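Geometric and topological summary
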Amino acid sequence: MASANDTSVQYFILLGLSKSPDVQLFLFFLFLIFYIIILVGNLLIIITVKVDPRLHSPMYFFLSNLSLVDLCYSSATAPKMLLDTLSESKAISFNGCMSQLFFFHFFGCTEIFVLTVMAFDRYVAICNPLHYMTIMNQRVCSLLVSASWLGGAIHSTAQTLLTIRLPFCGPNRIDNFFCDVPPVLKLACTNTYVTGVLIVSNSGLISLVCFLLLLISYSAILITLRLRTSEGKNKALSTCAAHLTVVTFFFGPCIFIYTRPSTSFPIDKIVSVFYAVITPMLNPIIYTLRNAEVKSAMRKLGSVSIFGGNK
């Protein structure tokens, strides 16, 4: 059996989404548009929440943190992917690959925890409104966000250590557009069954448990909303629907990929595009389109920018 010292691969080749130059050029412009929307949309949410006093509440504090995570998360893969669609050589160094893997899982897991915290925030707001500001005070909100980032860092460190200790002696072609654990594991020149089980226990379990917690939270919310007036019910449902849409788009692909890392399907690359690029782009669109307060604050911010604060 090969040992960790047998690693001789100095770089990997990312096969990308297509070998056709025409398709790659089309993908470049498509993903460039997506990435610009991610950058502009999420930055706009962060700035709007920061400058508008009406949005200085726990819900929007968590939303701005989600936007920050989305910016970092998409930036872990999108710039390299854009360069590769225009390049014949899609090489990435071994250290670069491990770094990309680390940051992708760091920000991805942090997003899972932030989305879970946002569900808890909605649960407290709707099911225990009289004590909401006491429970979700500034200190608690800061601790929950800090714990989300810390949890993401611990998860990512474990994933990276499990991967980097494996020997890689060829082949070095990764059947994806970025370095992720499942396709990289396939290239290790040793038996990765135990590592695969540990990864399922890490990535897969985190995704699944958090998703189940979200379902429990929203089940409790729906039961509580049955007793509300029509106006209060519609407002709460609108807020929850936006969050549930984001959760479904993000958790579905994650559970599909990471609960079975030792098995791969041709559709995996398309699923990876969805949670690596599409979901960070949809988040600001979903939250702004379904949230009247955010839309109003953005219009106000635009008016101030255009008229120099005189309006």
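Provided above is the structure to which this section pertains.
About the cut-offs
Residues numbered from 1 in each chain as written. Predicted model: local features only at pLDDT ≥ 70, side-chain atom pairs only at ≥ 80, totals over all residues. Heavy atoms only, no water. Helix = DSSP H or I, 4+ residues; strand = E, 2+ residues; numbered from the N terminus. 1 Å grid on protein atoms, 1.4 Å probe; cavity = no way out; pocket = protein on both sides within 12 Å on 5 of 7 lines; lining within 4 Å. Points joined across faces, edges and corners; volume = space filled by probe spheres on them. Nonpolar A, V, L, I, M, F, W, Y, C, P; charged D, E, K, R; others polar. Axes fitted to C-alpha atoms, helices over the stretch in contact; angles between N-to-C directions. Parallel < 35°, antiparallel > 145°, perpendicular 65-115°, else oblique. Left-handed = near helix turned anticlockwise from the far one by under 90°. Contact = heavy atoms within 4.5 Å. Buried < 20%, exposed > 50% of the residue type's maximum accessible area, 1.4 Å probe, protein only. Disulfide = S-S within 2.5 Å.

**Overview of the environment of Lys 19**
Within the secondary structure, Lys 19 sits in the loop between strand S1 (11-14) and helix H1 (21-51). C-alpha separation for the pair Lys 19 and Thr 85, spaced 66 residues apart in sequence, amounts to 9.3 Å.

**Remarks on the layout of surface pockets**
By volume, the second largest pocket is sized at about 370 Å³. In terms of lining residues, the second largest pocket is bounded by 15 residues, among which Val 49, His 56, Ser 57, Phe 61 and Gln 138 are the most central. Grouping the constituent residues of the lining of the second largest pocket by class yields 8 nonpolar, 6 polar and 1 charged.

**A closer look at the packing of helix H2 (residues 58-75) against helix H6 (residues 138-164)**
One way to put it is that H2 packs onto H6 with a least axis distance of 11 Å and a crossing angle of 20°. Our classification of the angle between H2 and H6 gives roughly parallel. Like other packed secondary-structure pairs, H2 and H6 cross with a definite hand, here right-handed. Contacts between H2 and H6 involve Pro 58, Phe 61, Phe 62, Asn 65, Leu 68 and Val 69 from the first element and Cys 141, Ser 142, Leu 144, Val 145 and Trp 149 from the second.

**A few points about the side chain of Asn 65**
Looking at the element boundaries, Asn 65 is found in helix H2. The exposure class assigned to Asn 65 is buried, which follows from its relative accessible area of 10%. Setting aside its immediate chain neighbours within four residues, Asn 65 contacts Val 145 and Trp 149.

**Side note on the state of the cysteines**
As enumerated under the stated definition, the model contains 2 disulfides in all. A disulfide bridge connects Cys 97 with Cys 179, and the sulfur atoms are separated by 2.1 Å. Sign of the S-S torsion, about -120° for the bond between Cys 97 and Cys 179, identifies this disulfide as left-handed. Pair noted here: Cys 97 is in helix H4 (residues 94-127) and Cys 179 is in the loop between strand S3 (173-174) and helix H7 (181-185), with a separation of 82 residues, a long-range link. Residue Cys 97 is classed as buried on the basis of its relative accessible area, which comes to 0%. Each bonded cysteine of the chain is numbered by sequence order, and under that numbering the disulfide pairs are 1-3, 2-4. Free cysteine: Cys 72, not disulfide-bonded; nearest cysteine sulfur from Cys 109 at 15 Å. Of the cysteine sulfurs around Cys 210, a residue in no disulfide, the closest is that of Cys 109, at 7.2 Å. With relative accessibility at 8%, the residue Cys 210 sits in the buried group.

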